[in-house]
Amino acid sequence: MESGGLLLWALPSALLLALLLQLSPRLRFRAKVLSYCALCLMASALTAPACLLWNGGRTVENMRIIKNVVRSFKYLYGLRFDVKGLEHFQVEGPCVIVSNHQSVLDMMGLMEILPDRCVQIGKRELLYFGSVGLIMYLGGVIFINRKSTSNAKSVMSGVGQAMTTDNVKVWIYPEGTRNGNGDLLPFKKGAFHLAIQTQVPVIPVVYSSFTTFYNPEKNLFTSGRIRVEVLPPIHTSGMTATDVTELCDTCYTTMRETFFRLSGTARRVNGSTPHLAQ
Ligand SMILES: CCCCCCCC/C=C\CCCCCCCC(=O)SCCNC(=O)CCNC(=O)[C@H](O)C(C)(C)COP(=O)(O)OP(=O)(O)OC[C@H]1O[C@@H](n2cnc3c(N)ncnc32)[C@H](O)[C@@H]1OP(=O)(O)O
Ligand SMILES: CCCCCCCCCCCCCC(=O)OC[C@@H](O)COP(=O)(O)O
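Basis of the calculations
Residues numbered from 1 in each chain as written. Chains lettered and ligands numbered in written order. Predicted model: local features only at pLDDT ≥ 70, side-chain atom pairs only at ≥ 80, totals over all residues. Heavy atoms only, no water. Buried < 20%, exposed > 50% of the residue type's maximum accessible area, 1.4 Å probe, protein only. Helix = DSSP H or I, 4+ residues; strand = E, 2+ residues; numbered from the N terminus. Pairing = 2+ DSSP bridges. Salt bridge = Lys/Arg side-chain N within 4 Å of Asp/Glu carboxyl O. UniProt positions renumbered as here; feature names shortened; annotations may be inferred. Near = heavy atom within 4 Å. Polar contact = N/O pair within 3.5 Å; in protein donor to acceptor, adjacent residues only side chain to side chain. Areas by Shrake-Rupley, 256 points an atom, 1.4 Å probe, with all protein chains shown as cover.

Comments concerning the pairing of strand β9 (residues 224-230)
(1) Moving on: Across the seven residues that make up β9, a large majority, five, are buried.
(2) Moving on: For strand β1 (residues 79-84) and β9, the ladder comprises six bridges, and the chain directions are parallel. Bridge pairing in β9 links arginine 80 to arginine 225.
(3) Moving on: In this sheet, β9 lies alongside strand β6 (residues 202-207) in antiparallel orientation, the contact comprising three bridges.

What follows is the structure, given as structure tokens:
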């Protein structure tokens, strides 16, 4: 009786949902993004106890566990990463890795190539994303308050100390926010201050544009191929605070050119020089 009743309701509801998803691209897009968020929440809830049992608390060692879990997500979404230049990560000791940031899907691209002993800088709000916040905390993500520059700067200065004493690499998105418009935003300077203050190399990483397979404006979220390039390290030994702007601009120009090359698109700004961070 009971299973009959269940069938009576569940089957038509499932069919209706399937029909709605077929009919509405917006709904289909939202359902796929929601499935990604749900997957992240669920995987984090299951991985957090493993991190606690294995490593006991907040430590960069947990990133290895997190990385291995996240690396399986790409198969569910039909994503392929073609990576070049991984050998550039083989620098002795700490470094600052900077890369472009297009969407929440970047987390998969990040974990695809994340070197050992590397933590990311993230906005403080992420800490409140339930189990995802917890797993980030356990993995050693450094949270900054973007609304308070002075707070963000002082946190970043503390990071420099930890990088050298604990031998950790730091991954920063210098655009400071997600940007999926097929270009790079002007870079913020925190990453470059950190590299120069700590006298460690900057390693730029570029991911090709997602716009051909992921575009919220067009309700597009299909399978796709992402080209990734790790560029040679830029050494900062001997540089001082006066070199920050030049280092930032050099990285921006190189990464932007690489971004267009990898994405197979022409420069957006008609021949004029790219707009740099002020
Ligand atoms: C098991 C399953 C798991 C599934 C779940 C997955 C879990 C996976 C776990 C883990 C993955 C984690 C993934 C995390 C991803 C997170 C991504 C984000 O949240 S991105 C947003 C936050 N990140 C940033 O914002 C960084 C970049 N921003 C900066 O570096 C900025 O520079 C910042 C915040 C430090 C300051 O921001 P300003 O808006 O004030 O920008 P400015 O223009 O750079 O600075 C203003 C002035 O201050 C100086 N300044 C900046 N930093 C300085 C410093 N450190 N020392 C001295 N002066 C500094 C600058 O030179 C500038 O001055 P002058 O224009 O040159 O005169
Ligand atoms: C309770 C809500 C649960 C939501 C679960 C969401 C799970 C998504 C996990 C992916 C984490 C990736 C981190 C990320 O990419 O964050 C965005 C920030 O970089 C920039 O933020 P913004 O563009 O400035 O808003």
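Topic: the pairing of β6
(1) Moving on: Burial analysis of β6 places six of its six residues in the buried class, which makes it a mostly covered element.
(2) Moving on: Residues Val202, Pro204 and Val206 point to one face of β6 and Ile203, Val205 and Tyr207 to the other, with burial holding for every one of them.
(3) Moving on: Of the strand pairs in this sheet, strand β2 (residues 96-99) and β6 are connected by four bridges, and their pairing is parallel. Counted as the bridge partner of isoleucine 97 is isoleucine 203 from β6.

Describing the pattern of salt bridges
(1) Moving on: Here the structure, examined in full by the defined rule, presents nine salt bridges.
(2) Moving on: Here glutamate 61 makes a salt bridge to arginine 117, at a shortest N to O gap of 2.9 Å. Of this pair, glutamate 61 sits in the loop between α2 (25-55) and α3 (62-70) while arginine 117 is found in the loop between α5 (106-113) and β3 (118-123), placing the two residues 56 residues apart along the sequence.
(3) Moving on: Through salt bridges that share partners, Arg71, Lys74 and Glu112 make up one connected network.

Observations concerning helix α8 (residues 190-198)
(1) Moving on: Residues of α8 that are buried include every one of Ala191, Phe192, Leu194, Ala195, Ile196 and Thr198, and no others.
(2) Moving on: Trailing α8 by a residue or two, glutamine 199 shows a phi angle of about 55°, which is positive.

Description of the UniProt feature "transmembrane region" (unreviewed entry) in the protein chain
(1) Moving on: On the UniProt side, "transmembrane region" (unreviewed entry) is annotated at positions that read residues 33-54 and 126-144 here.
(2) Moving on: Helix makes up 100% of residues 33-54 and strand 0%, and the two end C-alpha atoms of the span are 31 Å apart.

Points about the UniProt feature "domain: Phospholipid/glycerol acyltransferase" (unreviewed entry) in the protein chain
(1) Moving on: Mapped onto this numbering, the UniProt entry annotates "domain: Phospholipid/glycerol acyltransferase" (unreviewed entry) at residues 95-210.
(2) Moving on: With 38% helix and 20% strand, the stretch residues 95-210 has end C-alpha atoms that lie 27 Å from each other.

Re the site of ligand 1
(1) Moving on: Around ligand 1, the structure places 35 residues, and the nearest of them are Lys123, Lys188, Lys189, Gly190 and His193.
(2) Moving on: Here an oxygen atom of ligand 1 and a backbone polar atom of lysine 123 are 2.9 Å apart.
(3) Moving on: One of the side-chain N or O atoms of lysine 153 is found 3.2 Å from an oxygen atom in ligand 1.
(4) Moving on: Alone, ligand 1 offers 1,400 Å² of accessible surface; in the complex the protein occludes 82% of this.
(5) Moving on: Those elements that provide at least two residues to the shell around ligand 1 are α2, α3, α5, β3, α6 (131-139), α7 (149-166) and α8.

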